[in-house]
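Coordinate inspection notes
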Amino acid sequence: DAGVIQSPRHEVTEMGQEVTLRCKPISGHNSLFWYRQTMMRGLELLIYFNNNVPIDDSGMPEDRFSAKMPNASFSTLKIQPSEPRDSAVYFCASHIPGQAYNEQFFGPGTRLTVL
Amino acid sequence: AQSVSQHNHHVILSEAASLELGCNYSYGGTVNLFWYVQYPGQHLQLLLKYFSGDPLVKGIKGFEAEFIKSKFSFNLRKPSVQWSDTAEYFCAVNPSGYSTLTFGKGTMLLVSP
């Protein structure tokens, strides 16, 4: 398996623009997680899906952020409009819920820079 | 809600020195515990995990961690570090039966050759 796939790997955009980050989980994994990593706050869980349904979005910072999972093999995280403080690395992870130890597998991340 | 505390934000060691990174968590019930590593410019990779059984777990690259339930701790150790161990290390916990992981803030380890 190719692992969790994220695109783009790097994104540079201007304040006010819409940004869409993409994630393809590992085949057969039916839980998907979006994280944001910054120097100040470390790794924060933004939202997670189980069987394509959002279970917990309490970590989504504000209404400018939205996430969808239209099918088991694809998810998007959208920021509209983007702001400089959204600059961070965004990771997607997937796993199979119900396993004894719930290991999550991470993608390579998208480094977002908002100017 | 559970939380994870990693005591050292930065650690600098010389090659061959011994390593111990502290991790404490707060949660009253049964937990699964993880150490992830993030090499420069790369994604998080699992080093080792504990979910039951022997509290001393061994992971990849010579790392091990010991779960001490009475201290709510899961410290990471390596007897002799190498330059290639330079990375950021994250401790994480999830209550058994739950899907989400709570991560510590991470410890940046720099090993000088």
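See the structure printed just above.
Residues numbered from 1 in each chain as written. Chains lettered and ligands numbered in written order. Predicted model: local features only at pLDDT ≥ 70, side-chain atom pairs only at ≥ 80, totals over all residues. Heavy atoms only, no water.

**Concerning the overall build of chain A**
Along its length, chain A carries 0 helices and 11 strands. Listing the helices and strands of chain A from first to last along the sequence gives β-β-β-β-β-β-β-β-β-β-β. The globule rule puts the C-alpha radius of gyration for 115 residues at 13 Å, and the 13 Å found for chain A is close to it. Principal-axis analysis of the C-alpha atoms gives chain A an extent of 40 × 30 × 30 Å. Considering only intrachain contacts with a sequence separation of at least 6, the fraction spanning at least 24 residues in chain A is 54%. Per element, the accessible surface of chain A, about 5,600 Å² overall, is 50% carbon and sulfur. (Helix = DSSP H or I, 4+ residues; strand = E, 2+ residues; numbered from the N terminus. Rg over C-alpha atoms; globule rule 2.2 N^0.38 Å. Contact = heavy atoms within 4.5 Å. Areas by Shrake-Rupley, 256 points an atom, 1.4 Å probe, with all protein chains shown as cover.)

**A closer look at the packing of aromatic side chains**
This structure, assessed with the given rule, holds 14 aromatic pairs over all chains. Taken together, a centroid distance of 5.3 Å and an interplanar angle of 35° make the contact between Tyr35(A) and Phe106(A) tilted. Of the two residues, Tyr35(A) is situated in strand E4 (residues 31-38) and Phe106(A) in strand E10 (residues 105-106); the sequence distance between them amounts to 71 residues. Neither residue differs from the other here; Tyr35(A) and Phe106(A) are each classed as buried. Considering the side-chain rings of Tyr25(B) and Phe72(B), the 5.5 Å spacing of their centres and the 70° angle between planes classify their relative orientation as edge-to-face. Placement of the pair is Tyr25(B) in strand E4 (residues 24-26) and Phe72(B) in the loop between strand E8 (64-68) and strand E9 (73-78), with a sequence separation of 47 residues. Owing to a relative accessible area of 6%, Tyr25(B) belongs among the buried residues under this scheme. (Phe/Tyr/Trp six-rings, centres within 6.5 Å; stacked < 30°, edge-to-face > 60°. Buried < 20%, exposed > 50% of the residue type's maximum accessible area, 1.4 Å probe, protein only.)

**Quick word on the interface of chain A and chain B**
Listed as interface residues are 22 residues of chain A and, on the opposing side, 20 residues of chain B. Interface of chain A and chain B: buried area, both sides summed, is about 1,600 Å²; carbon and sulfur atoms make up 60% of it. Summed over the shared surface of chain A and chain B, the number is 1 salt bridge. The residue Lys49(B) makes a salt bridge to Glu103(A) at a minimum N-O spacing of 3.5 Å. In terms of residue class, the side of chain A that touches chain B is made up of 12 nonpolar, 7 polar and 3 charged. (Buried area = accessible area lost by both parts, 1.4 Å probe. Salt bridge = Lys/Arg side-chain N within 4 Å of Asp/Glu carboxyl O. Nonpolar A, V, L, I, M, F, W, Y, C, P; charged D, E, K, R; others polar.)

**Focus on the pairing of strand E3 (residues 19-24) of chain A**
Consecutive side chains of a regular strand alternate in pointing toward one face of the sheet and then the other. Residue and element names in this part refer to chain A. Pairing of strand E1 (residues 5-7) with E3, which is carried by 3 bridges, proceeds in the antiparallel orientation. Bridge assignment links Gln6 to a residue of E3, and that residue is Cys23. Of the strand pairs in this sheet, E3 and strand E8 (residues 74-79) are connected by 5 bridges, and their pairing is antiparallel. Looking at E8, one finds that Cys23 is bridged to Ser75. (Pairing = 2+ DSSP bridges.)

**A few points about the pairing of strand E12 (residues 107-112) of chain B**
All names here are of chain B. Side chains Thr107, Leu109 and Val111 project from E12 onto a buried face, and the interleaved Met108, Leu110 and Ser112 project onto a face without burial. The pairing of strand E2 (residues 10-14) with E12 spans 5 bridges and is classified as parallel. Within E12, the residue paired with Ile12 across the bridge is Leu110. Sheet topology note: the strand E10 (residues 87-95)/E12 ladder contains 3 bridges and is antiparallel. When the bridges of E12 are listed, Glu88 appears paired with Met108.

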